[in-house]
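Fold and geometry: a report
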Amino acid sequence: MGAAATIDRDTLLTLLLRLADDHLVLGHRLSEWCGHAPMLEEDLAMPNMALDLIGQARALYTYAADVEGKGRTEDDLAYLRLEREYLNCLLVERPNGDFAQTMLRQLYFAAFMEPFWKAAASSTDATVAGIAAKAVKEVAYHIRHAGEWVVRLGDGTEESRRRMEDAIEELAPYLDEIFEDDPVTVQASAAGIAPQPSSLRPAFDRIIGPIFAEAGLTFITPPYSQRGGRKGMHGEAMGFLLADLQHIQRTYPGATW
Amino acid sequence: MVGGATGLDTRQQAWAAAASVPDPEVPCVTVADLGILRSVELVDGVAVARVTPTYSGCPAVLAIELAVEAALRDAGFEARVERVVSPAWTTDWITPEGREKLRDYGIAPPQQASSSIRSLFGEIEVACPRCGSAKTERLSEFGSTACKAHWRCLACREPFDYFKCI
């Protein structure tokens, strides 16, 4: 990331909302496991990770609201937008499926965010740098945790292995989207605010490679890739997720506590 | 100058008041012990405390900020609390006294080294806060709060919390 170039407000806002939405939506997905995890330790672990993600999302929404400068708050951005206004990638909105699928989705996202936050920690934007410096430590734990489960299940019983292989197949079409560059990321990178997603692929592979090797799993190239999340086009699952996420604010507009 | 000395004393009083606030989730240690109270300055007669969260999503952050503000007001100051995220809090900021208090409370203090994502199943050595044995094992990376992991001692068989190193 060099410096020099500047970024216009709308582009910065879009960048922040994409990031914030990724973290809010995945945090919400993880929180759905609360009370349903296969064991107590996981029942603690998943809300803990959700808390990290939602905490990161809050910091990003607060800053986004500042940048937007229209008097909206973090809550307005998190709860009161329409589905087409959410800019999260499709990977994070995928339903939890079974435990294998949840853990693989977590590993993929964390392995993408770890190099992202590392680069963003030296962002020319002081607020982004601050959020990144904190998040990079948290995401390291998520990689470790999810990575251990991918190894345990991949190298486990016949059934656990089958489930992990199914998860790899199920999530494969949603991976390319997170590495996609577009005018927003190009401008953000030129201004030294955040790295280009495509530049993170080698680091992602260096994290996933050894974990898959230890698990005896094979990475597959999907026959097709699904895109659209960054433009607000989501899968069927997203509407149900938002119905759950937003129902308090939709039922009691402006409720605070 | 007398005025200068008084200013310093007042600032020290404000620090002492803010520093006495216990952590709401780990009440054996204060916010100063944990290193989350970064500074207390007097700005135009207002005591401004700067506080940094341990984890982005730590639900105790708001409670801590309110408690610090209340402690400053109780000590007779007009008070304001600012949240700073940069530089990011690290467990290395826990004071030596804070580490001892954690151990006495039954929480193993964090190792003084950074965590590594490479160490899949790779283990750090955490001494049991009860019996001191190094024969311990991790049960879960995530414990009762965001900042703790769940461990167990293989010598005295007691489960315990380990304050994660970040």
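The structure this text deals with has already been given above.
All of the points below concern the structure found in this document. Given the structure is predicted, the values throughout are model-derived calculations rather than measurements. (Residues numbered from 1 in each chain as written. Chains lettered and ligands numbered in written order. Predicted model: local features only at pLDDT ≥ 70, side-chain atom pairs only at ≥ 80, totals over all residues. Heavy atoms only, no water.)

Among the secondary structure elements, Lys 134 of chain A is positioned in helix H6 (residues 126–154). At 5.1 Å, Glu 138 of chain A is the nearest oppositely charged side chain to Lys 134 of chain A, a buried residue that forms no salt bridge. A polar contact of 3.2 Å, which involves the side chain of Lys 134 of chain A, links it to the backbone oxygen of Pro 53 of chain B. For Lys 134 of chain A, the side chain forms a polar contact with the main-chain oxygen of Thr 54 of chain B, separated by 2.9 Å. (Helix = DSSP H or I, 4+ residues; strand = E, 2+ residues; numbered from the N terminus. Buried < 20%, exposed > 50% of the residue type's maximum accessible area, 1.4 Å probe, protein only. Lys, Arg positive; Asp, Glu negative; His and termini not counted. Salt bridge = Lys/Arg side-chain N within 4 Å of Asp/Glu carboxyl O. Polar contact = N/O pair within 3.5 Å; in protein donor to acceptor, adjacent residues only side chain to side chain.)

Further remarks concern the pairing of strand E6 (residues 148–153) of chain B. Residues and elements named next belong to chain B. As paired strands, strand E5 (residues 136–140) and E6 are joined by four bridges and run antiparallel to one another. Note on E6: the bridge partner recorded for Arg 138 is Trp 151. In this antiparallel pair of consecutive strands, E6 and strand E7 (residues 159–163), the connection spans five residues, and Arg 157 shows a positive phi of 70°. (Pairing = 2+ DSSP bridges.)

This brings us to the sheet that holds strand E3 (residues 78–83) of chain B. All names here are of chain B. Here three strands make up an open sheet; going across it, the order is E1-E2-E3 and the pairing mixed. The open sheet is flanked by strand E1 (37–43) and E3, the only strands paired with a single partner. For this sheet, the mean angle separating the axes of adjacent strands, direction not counted, is 20°. Sheet strands touched by helix H3 (residues 61–74): strand E2 (46–51) and E3. Its angle to E3, the strand with the most contacts, is close to 155°. (Axes fitted to C-alpha atoms, helices over the stretch in contact; angles between N-to-C directions. Contact = heavy atoms within 4.5 Å.)

Let us look at the interface of chain A and chain B. Taken together, the contact between chain A and chain B spans 31 residues of the former and 30 residues of the latter. Across the chain A to chain B interface the summed buried area is about 2700 Å²; carbon plus sulfur atoms make up 61%. Scanning the region where chain A abuts chain B turns up two salt bridges. Notably, a salt bridge pairs Arg 144 of chain A with Glu 141 of chain B, separated by 3.0 Å at the nearest N-O pair. Our enumeration of links across chain A and chain B arrives at eight residue pairs in polar contact (both at pLDDT 80 or more). Mapped by element, the contributors of at least two residues to the side of chain A that touches chain B are helix H2 (40–68), H6 and helix H9 (201–215) of chain A. For the side of chain A that touches chain B, the leading source of residues is H6 of chain A, giving 16 residues. Residue classes in the side of chain A that touches chain B are distributed as 13 nonpolar, seven polar and eleven charged. (Buried area = accessible area lost by both parts, 1.4 Å probe. Nonpolar A, V, L, I, M, F, W, Y, C, P; charged D, E, K, R; others polar.)

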